[in-house]
Amino acid sequence: MPKCSAKCGNKAILKRPKTGDALCKECFFDAFETEIHYTITKCTLFKPNMTVAIAASGGKDSTVLAYVLKLLNKKYNYGLKLVLLSIDEGITGYRDDSLNTVKQNRDDYEMPLKILSYKDLYGWTMDEIVEKVGRKNNCTFCGVFRRQALDRGAALLKVDCIATGHNADDIAETVLMNVLRGDLARLKRCTAIITGNGSGDGIPRVKPLKYTFEKEIVMYAYFRKLLYFSTECVFAPNAYRGHARMLLKDLEKIDPTIIMNIIYSGESIRVSENTSLPSLTNCTNCGYVSSQQLCKACVLLEGLNRGLPRLGIGKSSRVKQILTEEKYNNLNSNSCVEAKNCLCKNLKDNSVNLK
Amino acid sequence: MNSLQVNVEFGGGAELLFDNKKTVTISLPEKKEKWTIEHLLIWIKDNLLKERQEMFLQGNSVRPGILVLVNDTDWELMNTINYIIQPNDRILFISTLHGG
Amino acid sequence: MTCSHHAVPFRMVGKNIWFGLSLRDKKKWDKCNKCKSNVPVIILRHKDVYCKECFLSGAAHKFKAFIGKNHLVKKNDFVLVCFRSGHSSVSLLHMLRSALDLQTPKKLKLRPIVIYIAKATCEPQFLKEIEDVVCSFNFPLYFISFNQYISNGQELDKVLFANFRQMLENYPQINSFKRTNNPTATQTLERIYEQQLLTEVAKHLNCSIVFVPDISLNVATNLLTSISLGRGAYLPLDTGICDTRDPQITIVRPLRHFDDKELAFYNVYNKLKLVVSPNEIKKFNNTSVQDLIDTFVSNLQLNYPATITTVVRTGDKLALDKTVLKSKACNLCKAPLLNNTSEELNSATATDFSRWISAQLQIFKKDESFNEFEIKQRELYCYACSKIIEFVEK
């Protein structure tokens, strides 16, 4: 049995996936937690007296995040007020169990918990959405809705910042995915550790686990005996992200430090000045930050409500066209004109040349 | 006996799987259903391809990376494996699974 | 031309989907996309069909337009052209020769010199085939032994030959390049040394430009490989249109928007002779990052046919950080070094910190400050090269 490389004199019981060092249990905990502490301080993720909402799904990342933030907050006097924020997508069998885990976290870590459901916020559960949309594009809906749900929840709770459990593997995977899909705008933003900072009244989001390996999160949770819920979302297998994940896993087998390499590459990439990227504005319907006149959530919702489930999947430039075509088709019925919340009213260019 | 004459050619490195032969004239025995490329591939597997079959075939077709031309035309415009072979057709298999 | 007329739905072949021709598609595809009159003989990108003439003229035009649009060559420049076995080099030489021989004012004005880099022991027959092929295009040809260059790099006259027989006389045995036990590091170093070799030979032969025959798949693979090795800052050099890390020599990849099918058909229709080698056939053992990614991209491309072009186009839109333009160069790959400013935390520093804390926990625990941890500046080697430098013998 090799000795712990942190020179504490104890026997090592594990090998760190991130560096290959052999460590004993206590030194592993210390190293793991100190690295997160370093990330938090070096990047000034928090300020004293902030209220921080921890995005809690009941999964390993958010459980470990909540545990470690609570521990570091106490140990190093961050002076933060921590709350748990959880979103119920309405996926039978998946969310019910994970919500129970979050409630357990609330009790174990003694943190207040707020649960918001898609049904409350949007009028649709994911089960209902999948029924209308099928299983290929449902992840688009879930991702977009969840993002807004967290922001809306955070605003309701009046917190200063949201902490998410995105880990190094997630970020590396996102870099690869954005390269494969040619999404330069997202590629530029996806390695940022603080997002939503400069956009007016958006609540900033931070990723304290940005440099933490998923394997180490699992090990940490195991040795600390932390409770979490681990099942893949039942709708997940068809997502394109799965390809990027598979590549990352294969690369990790060759050399785990590739995960950090990919993040470093993402941080170092610069887009040419000649390339035009979509600029950010505010949704004309709900005010949320968006790169189009109508934010994605509003477009998707409008599609669901009008029976056009593919509205918002595919090119944004087609949305206006589809909505106006539909409006033209309904001209004789006055439903559009009388509807209070008809989105067409919010489209700046209402006069379209209809042949 | 009406056997079907076919001129099979290999290029781009595919010939390395067939004893370096670049062209082979084949007489396919007569049979009830017509000879399609799918059937030809089975014949090639049984009679010509000695080793590393996975570098040429996959399932009931050629391995991705092996291009097929029928009389100088892309087989994807001619129903790929279901193309019915005509007498004296030239069928060319080109490998792109080569470095460089 | 005869074809069967029944519809062919998508077929599952192994794990991949072959796009067979459906009845509905056949109606769209009975005339060449371009001239709208001839019968098509090739389908590209699963949707565009062309007759032989339009396909060939389109390819030639794409090549010339690329050179013209990017203002790559000044009049009568000498250009060093790297020749490799396989399809792409032969296409490149033919396109060059055709563009040079045009009788119009639009003809290309540059002077190619071809070089073959021998990376393993070659049969004289194999080298003779290369000589025959290159000479059939009327270009001068040089041979160089890769390993000899790496050992005697300074003295190019000793390792560069205008005649393969002379090379074989001097160096009958050419070892395969195998610097390290790590397949990724070996392939990375091979690429770095090859680049260096081409740059030096170009200078020696008075060339200002080097053409390498990388095709779209190679560019996409190199891009993802560079990202995986931490070379994100250098993507415009590694995989962009021009590699300008050397102030005198520009390395260009004129075939970057061509795919393997296009060039294979180009060669068939032009009846060009290829040079192939059993050693060069892809092995698919995926032990190196490069091979793993090549396989991954090739497979993904089958189900998502826009993959390669999307990745290549993404690469086209990247630029070097302005702050590095005047930096020192990495001793190994010659890319400009990035300053590791201590204000922002990045992944490189975070990794260094992890290494430090795993060993120095006791020191940290004394006063729980980070003062003892020093942020590394990159003075000699860039981030990626500093990880493989331990594999370099010299």
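What counts and what doesn't
- Residues numbered from 1 in each chain as written.
- Chains lettered and ligands numbered in written order.
- Predicted model: local features only at pLDDT ≥ 70, side-chain atom pairs only at ≥ 80, totals over all residues.
- Heavy atoms only, no water.
- Buried < 20%, exposed > 50% of the residue type's maximum accessible area, 1.4 Å probe, protein only.
- Helix = DSSP H or I, 4+ residues; strand = E, 2+ residues; numbered from the N terminus.
- Arc of directions from axis to C-beta.
- Contact = heavy atoms within 4.5 Å.
- Domains from an automatic or database assignment.
- Buried area = accessible area lost by both parts, 1.4 Å probe.
- Salt bridge = Lys/Arg side-chain N within 4 Å of Asp/Glu carboxyl O.
- Polar contact = N/O pair within 3.5 Å; in protein donor to acceptor, adjacent residues only side chain to side chain.
- Axes fitted to C-alpha atoms, helices over the stretch in contact; angles between N-to-C directions.
- Parallel < 35°, antiparallel > 145°, perpendicular 65-115°, else oblique.
- Nonpolar A, V, L, I, M, F, W, Y, C, P; charged D, E, K, R; others polar.
- UniProt positions renumbered as here; feature names shortened; annotations may be inferred.
- Pairing = 2+ DSSP bridges.

*Asks:* Tell me about helix α5 (residues 126–133) of chain A, and please be specific about residues and values.
*Replies:* All names here are of chain A. For α5, the complete set of buried residues consists of Met 126, Ile 129, Val 130 and Val 133. Down the axis of α5, the buried set is contained in an arc of 100°. They therefore lie on one face. Of the surrounding secondary structure, the elements contacted by the buried residues of α5 are α4 (118–122), α6 (138–157) and α12 (296–306). Looking one or two places after α5, you find Gly 134, whose phi comes out positive at around 90°.

*Asks:* Could you give an account of the domain arrangement of chain A, naming the residues involved and the relevant values?
*Replies:* All names here are of chain A. We note that the domain assignment places domain 1 (43–268) and domain 2 (281–346) within chain A. Taken together, the contact between domain 1 and domain 2 spans 15 residues of the former and 13 residues of the latter. Across the interface of domain 1 and domain 2, roughly 1200 Å² is buried in total on both sides, 73% from carbon and sulfur atoms. Connecting domain 1 to domain 2 are zero salt bridges. Across the domain 1-domain 2 interface, the total number found is one residue pair in polar contact (both at pLDDT 80 or more). Listing elements by their share of the side of domain 1 that touches domain 2, those giving two or more residues are α5 and α6. If one sorts the elements of the side of domain 1 that touches domain 2 by residue count, α6 sits on top with eight residues.

*Asks:* Could you give me a rundown of the packing of helix α11 (residues 258–268) of chain A against helix α9 (residues 216–228) of chain C, with the residues and numbers involved?
*Replies:* Running from amino to carboxyl end, α11 of chain A crosses α9 of chain C at an angle of 105°, the nearest separation of the two axes being 7 Å. Judged on the interaxial angle alone, α9 of chain C and α11 of chain A are roughly perpendicular. On α9 of chain C, the residues touching Ile 258, Asn 261, Ile 262 and Ser 265 of chain A of α11 of chain A are Ser 226, Ile 227 and Ser 228 of chain C. Residues of the contact of α11 of chain A with α9 of chain C, tallied by class, amount to three nonpolar, four polar and no charged.

*Asks:* Describe the UniProt feature "binding site: ATP" (unreviewed entry) in chain A, and please don't skip the residues or the numbers.
*Replies:* All names here are of chain A. Taken from the UniProt record, the annotation "binding site: ATP" (unreviewed entry) applies to Ala 55, Ala 56, Ser 57, Asp 61, Ile 87, Gly 165 and Asp 170. With respect to the helices and strands, the residue Asp 61 is situated in helix α2 (residues 60–75). Residue contacts for Asp 61: discarding those within four places in its chain leaves Gly 165, Asn 167, Asp 170, Leu 209 and Ile 217. For Asp 61, the side chain forms a polar contact with the side chain of Lys 60, separated by 3.4 Å.

*Asks:* Any details on the sheet that holds strand β5 (residues 77–83) of chain C? Residues and values, ideally.
*Replies:* All names here are of chain C. Taken in spatial order, the seven strands of this open sheet run β8-β7-β6-β5-β9-β11-β10, and their pairing is mixed. In this open sheet, the two strands that pair with only one neighbour each are β8 (160–161) and β10 (242–243). Across five bridges, strand β6 (residues 110–118) lies against strand β7 (residues 141–145) in parallel orientation. By the bridge assignment for β7, Ala 118 is matched with Ser 145.

*Asks:* Lay out the environment of Tyr 142 of chain C with the relevant residues and their values.
*Replies:* Within the fold, Tyr 142 of chain C resides in strand β7. With a relative accessible area of 22%, Tyr 142 of chain C lands in the partly exposed category.

*Asks:* How would you explain the interface of chain B and chain C if you had to name every residue and give the values?
*Replies:* The partner chain C presents 42 residues to the 34 residues of chain B that form the contact. Where Lys 261 of chain C meets Asp 74 of chain B, a salt bridge forms, and the shortest distance between an N and an O atom there is 2.6 Å. Where chain B packs against chain C, one counts nine residue pairs in polar contact (both at pLDDT 80 or more). Looking at the side of chain B that touches chain C, the elements that each hand over two or more residues are β4 (61–62), β5 (66–70), β6 (73–74) and β7 (89–95) of chain B. With three residues, β7 of chain B is the single largest residue contributor to the side of chain B that touches chain C. Split by residue class, the side of chain B that touches chain C holds 14 nonpolar, 15 polar and five charged.

*Asks:* Give me the interface of chain A and chain C: which residues, what numbers.
*Replies:* Interfaces are frequently sized by the accessible area removed from exposure as the parts join. Between chain A and chain C, the contact holds 52 residues from the first and 57 residues from the second. Together, the buried faces of chain A and chain C total about 4600 Å²; carbon and sulfur atoms form 66% of this surface. Where chain A touches chain C, the interface holds three salt bridges. Of the charged contacts, one joins Lys 322 of chain C and Glu 273 of chain A as a salt bridge, the two residues approaching to 2.5 Å between their closest N and O atoms. Along the contact surface separating chain A from chain C lie 22 residue pairs in polar contact (both at pLDDT 80 or more). Looking at the side of chain A that touches chain C, the elements with two or more residues in it are α1 (25–42), α7 (168–181), α10 (241–254), α11 and β9 (270–271) of chain A. Ranked by residues supplied to the side of chain A that touches chain C, first place goes to α1 of chain A with ten residues. Split by residue class, the side of chain A that touches chain C holds 25 nonpolar, 14 polar and 13 charged. In the sheet, β9 of chain A pairs with strand β12 (residues 318–319) of chain C via two bridges, with the strands oriented antiparallel. Pairing of Val 271 of chain A across the sheet is with Leu 318 of chain C, part of β12 of chain C.

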